[in-house]
Amino acid sequence: MAARTWRSGATVFATALSVSLVVAACGDSSDTGSTDASGDASGDAAANADCAEYETYGTFDGGDVEIYSSIRDVEADLFKESFADFEECTGLTIEWNGTGEFEAQLQVRAQGGDLPDIATIPQPGLLATLAADEYPVPAPDAVTALVDEGWGEDWKAYGTVDDTFYAAPLGANVKSFVWYSPSYFSDNGYEIPETWDDMLALSDEIAATGIKPWCAGIESGDATGWVVTDWFEDVMLRENGADVYDQWVAHEIPFNDPAIVSAAERVENILKNEEYVNGGLGDVRSITITPFQEGGLPILAGECAMHRQASFYANQWGDDVVVAEDGDVFAFYLPTINDDGDRPVLGGGEFVTAFNDNPETVAVQTYMATAEFANAKASLGNWISANQGLDVANVANPIDVLSVEILQDPDATFRFDASDLMPAEVGAGSFWKNATDWINGSVETDAMLANIEDSWPAS
């Protein structure tokens with residue numbers, strides 16, 4: 001599917017946003033200087049010719065909008081940079097607050113009455129938990145119109161709870177990748193595996209040379225364990241197909257169903273295999289204390305050969321590392337298990353959720369739902385969106401180009417990260433925790449799956 005031009009959303013959002021912002025401004029006496037969104041903006045920034053495309057959002061006499069997020073470090077810096085023109089032209093200041101304890105702390109802040117203006121929530125299950133307590137506000141009409149135009153129904157559904165649409169998609173990622181060093185493979189005569197069995201045979205071949213074929217790290221603050229659950233999800237999708245995957249997510253089959261037991265065995269054969277891991281980092285248990293950002297770095301030193309991780313891992317290699325098919329690192333598609341012609345893709349993303357309808361907040365969340373924002377952000381590198389208005393010409397990283405093509409392919413069998421879709425107490429709770437305990441050896445497979453099953457909420 002060809003990408004539409006990146007300015008295609010302007011007409012749709014201009015009309016809806018004009019109504020949304022004017023209504024919000026009339027109902028909020030705390031607004032200090034926002035104009036209407038019809039284009040009659042005042043102030044030095046809006047008068048600048050370069051600010052013409054931002055006039056629709058209005059101008060503000062100062063004002064901060066906090067965006068609370070799990071995105072931090074290098075990725076957060078790129079987000080801050082992407083707002084530079086928007087800040088200059090609207091008079092708003094974006095406070096990007098990234099943390100490794102996002103999932104737990106967002107709920108703490110909600111319960112304490114200290115919610116941010118906006119949060120980028122990577123788990124639709126967490127969004128549902130917050131919506132049940134009426135913390136987020138429904139998305140304004142402008143955002144709804146943009147999402148209807150820019151994303152498919154599935155993506156909109158991820159941001160919808162009980163028929164109320166709350167959150168527009170933001171970034172997206174493809175998780176079904178294995179990172180490797182092209183020169184290491186070439187020098188040793190290794191070929192990219194086409195099937196799961198080929199991948200295991202390659203792992204055995206590499207292990208026989210004394211090099212551990214795999215390296216991994218799952219430490220991620222309060223979110224430790226999500227890397228392991230991604231393994232489970234990719235295997236579930238490949239071994240059992242999309243229908244069973246959906247049943248698993250919806251708890252129509254128990255968490256200790258034979259399908260999940262079989263998936264756990266496949267993951268165990270790699271991640272808990274002392275012959276396979278953890279190259280350059282230690283034994284199996286070292287996986288639990290290695291930050292996920294560092295899990296694949298031994299590839300650069302030739303201390304391991306493969307690292308299963310999402311497209312966004314391109315941000316972690318370092319500025320001097322070339323990500324390309326003939327570069328320092330690249331990635332191949334995680335092979336299929338069944339020879340049925342299906343090529344399933346596991347992915348994830350974030351959803352822009354607002355906790356108030358202040359004019360400043362509405363302006364920011366609406367801008368973040370546009371194809372204009374998606375293209376501006378993507379042009380900075382190492383970030384993509386499933387927005388159909390994203391022009392692949394604005395994507396430089398070869399992994400991201402491949403990912404956009406996959407996301408925009410109407411024939412791809414795409415499924416969102418299962419743990420992110422599950423109730424928060426399971427997906428971001430018992431699943432992460434028990435998977436971590438399973439890797440460090442403190443719980444066996446049957447007990448791990450039973451513990452997760454027992455944690456599933458009754459309703």
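Residues numbered from 1 in each chain as written. Predicted model: local features only at pLDDT ≥ 70, side-chain atom pairs only at ≥ 80, totals over all residues. Heavy atoms only, no water.

Draft legend 1. Broad picture of the overall build of the protein. From N to C terminus, the protein includes 18 helices and 12 strands. Counting only residues that meet the buried cut, the protein has 57% of its 459 residues in that class. Across the protein, contacts joining residues at least 24 apart in sequence account for 74% of those joining residues at least 6 apart. Carbon and sulfur atoms form 44% of the exposed surface of the protein, whose accessible area is close to 17700 Å². (Helix = DSSP H or I, 4+ residues; strand = E, 2+ residues; numbered from the N terminus. Buried < 20%, exposed > 50% of the residue type's maximum accessible area, 1.4 Å probe, protein only. Contact = heavy atoms within 4.5 Å. Areas by Shrake-Rupley, 256 points an atom, 1.4 Å probe, with all protein chains shown as cover.)

Draft legend 2. Seen up close, the side chain of threonine 120. Residue placement: threonine 120 occurs in strand β3 (residues 118-121). Among the polar contacts listed, one links the side chain of threonine 120 to the side chain of serine 69, at a separation of 2.6 Å. Not counting chain neighbours up to four residues away, the residues in contact with threonine 120 comprise Ile67, Tyr68, Ser69, Ser70, Ile71, Trp96, Phe102, Leu170, Glu350, Phe351 and Met368. (Polar contact = N/O pair within 3.5 Å; in protein donor to acceptor, adjacent residues only side chain to side chain.)

Draft legend 3. Representation of the state of the cysteines. With the rule as written, the count across this model stands at 2 disulfides. One disulfide bridge connects cysteine 51 with cysteine 89, the sulfur atoms lying 2.0 Å from each other. Judged by the sign of its S-S torsion, about -75°, the cystine formed by cysteine 51 and cysteine 89 is left-handed. Separated by 38 residues along the polypeptide, cysteine 51 in the loop between α2 (44-47) and β1 (64-69) and cysteine 89 in helix α4 (residues 84-90) bring together distant segments of the chain. Accessibility expressed as a relative area gives 2% for cysteine 51, which makes it buried. (Disulfide = S-S within 2.5 Å.)

Draft legend 4. Broad picture of the pairing of strand β7 (residues 177-180). Going residue by residue along β7, you find Phe177 and Trp179 tucked away on one face and Val178 and Tyr180 tucked away on the opposite face as well. Sheet topology note: the β7/strand β10 (residues 330-333) ladder contains 4 bridges and is antiparallel. Across the sheet, the residue bridging to tryptophan 179 is alanine 331, located in β10. Pairing of β7 with strand β9 (residues 304-308), which is carried by 2 bridges, proceeds in the antiparallel orientation. Along β9, the bridge assignment pairs valine 178 with arginine 308. (Pairing = 2+ DSSP bridges.)

Draft legend 5. Spatial organisation of the sheet that holds β9. In space, the 4 strands of this open sheet follow the order β8-β9-β7-β10, with mixed pairing throughout. Because the sheet does not close on itself, it has two edges, and the strands there are β8 (212-214) and β10. Sheet twist, expressed as the average angle between the axes of neighbouring strands with direction ignored, equals 25°. (Axes fitted to C-alpha atoms, helices over the stretch in contact; angles between N-to-C directions.)

Draft legend 6. Broad picture of the packing of helix α12 (residues 258-271) against helix α18 (residues 445-455). It is at 11 Å that the axes of α12 and α18 come closest, and there the two elements cross at 130°. Taken together, the axis directions place α12 and α18 in an arrangement best described as oblique. Once α12 is placed against α18, the crossing between them reads as right-handed. Together, Ile260, Val261, Ala264 and Glu268 of α12 and Thr445, Met448 and Leu449 of α18 make up the contact between the two elements. A per-class count over the contact of α12 with α18 returns 5 nonpolar, 1 polar and 1 charged. (Parallel < 35°, antiparallel > 145°, perpendicular 65-115°, else oblique. Left-handed = near helix turned anticlockwise from the far one by under 90°. Nonpolar A, V, L, I, M, F, W, Y, C, P; charged D, E, K, R; others polar.)

Draft legend 7. Layout of empty space enclosed by the protein. This structure, assessed with the given rule, holds 2 cavities of 30 Å³ or more. If you go around the second largest cavity, the residues you meet are Trp151, Pro169, Leu170, Met368, Thr370, Phe373, Ala374, Trp383, Ser385 and Asn387. Among the elements of the structure, β6 (168-174) and α14 (371-378) are those that each provide at least two residues to the lining of the second largest cavity. (1 Å grid on protein atoms, 1.4 Å probe; cavity = no way out; pocket = protein on both sides within 12 Å on 5 of 7 lines; lining within 4 Å. Points joined across faces, edges and corners; volume = space filled by probe spheres on them.)

Draft legend 8. Structural detail: the layout of surface pockets. The volume enclosed by the largest pocket comes to roughly 660 Å³. Lining the largest pocket are 39 residues, and of these Ser70, Ile71, Glu75, Phe312 and Glu350 lie nearest its centre. If you list the elements that add at least two residues to the lining of the largest pocket, you get α3 (73-82), α5 (102-111), β6, α11 (226-249) and β11 (344-354). For the lining of the largest pocket, the per-class residue count stands at 13 nonpolar, 14 polar and 12 charged.

Draft legend 9. Structural view of the confidence of the model for the protein. Of all residues in the protein, 89% attain a pLDDT of 70 or more, and the chain-wide mean is 89. Across residues 1-49 the pLDDT falls below 50, and counting only partners more than four positions away or on other chains, this stretch makes 90 contacts in the model. (pLDDT = per-residue confidence, 0-100.)

Draft legend 10. Broad picture of a negative patch on the surface. A surface patch of negative charge is lined by Asp50, Glu53, Asp85 and Glu88. Here aspartate 50 is to be found in the loop between α2 and β1. Given the relative accessible area of 63%, aspartate 50 is considered exposed. (Patch = residues over 30% accessible without salt bridge, like charges linked within 9 Å, V, L, I, M, F, W, Y side chains within 5 Å. Salt bridge = Lys/Arg side-chain N within 4 Å of Asp/Glu carboxyl O. Lys, Arg positive; Asp, Glu negative; His and termini not counted. Charge placed at Lys NZ, Arg CZ, Asp CG, Glu CD.)

Draft legend 11. Structural detail: the pattern of salt bridges. Counted according to the given criterion, the structure contains 11 salt bridges. A salt bridge links lysine 175 to aspartate 417; the shortest N-O distance between them is 2.6 Å. Residue lysine 175 is found in the loop between β6 and β7, and its partner aspartate 417 is found in the loop between β12 (413-416) and α16 (418-421); the two are separated by 242 residues along the sequence. Given the relative accessible area of 6%, lysine 175 is considered buried. The salt bridge partner of arginine 415 is aspartate 246, with a shortest N-O separation of 2.9 Å. Of this pair, arginine 415 sits in strand β12 while aspartate 246 sits in helix α11, and the two are 169 residues apart along the sequence. The exposure class assigned to aspartate 246 is partly exposed, which follows from its relative accessible area of 32%. Sharing partners across several salt bridges, the network here consists of Glu66, Arg109 and Asp114.

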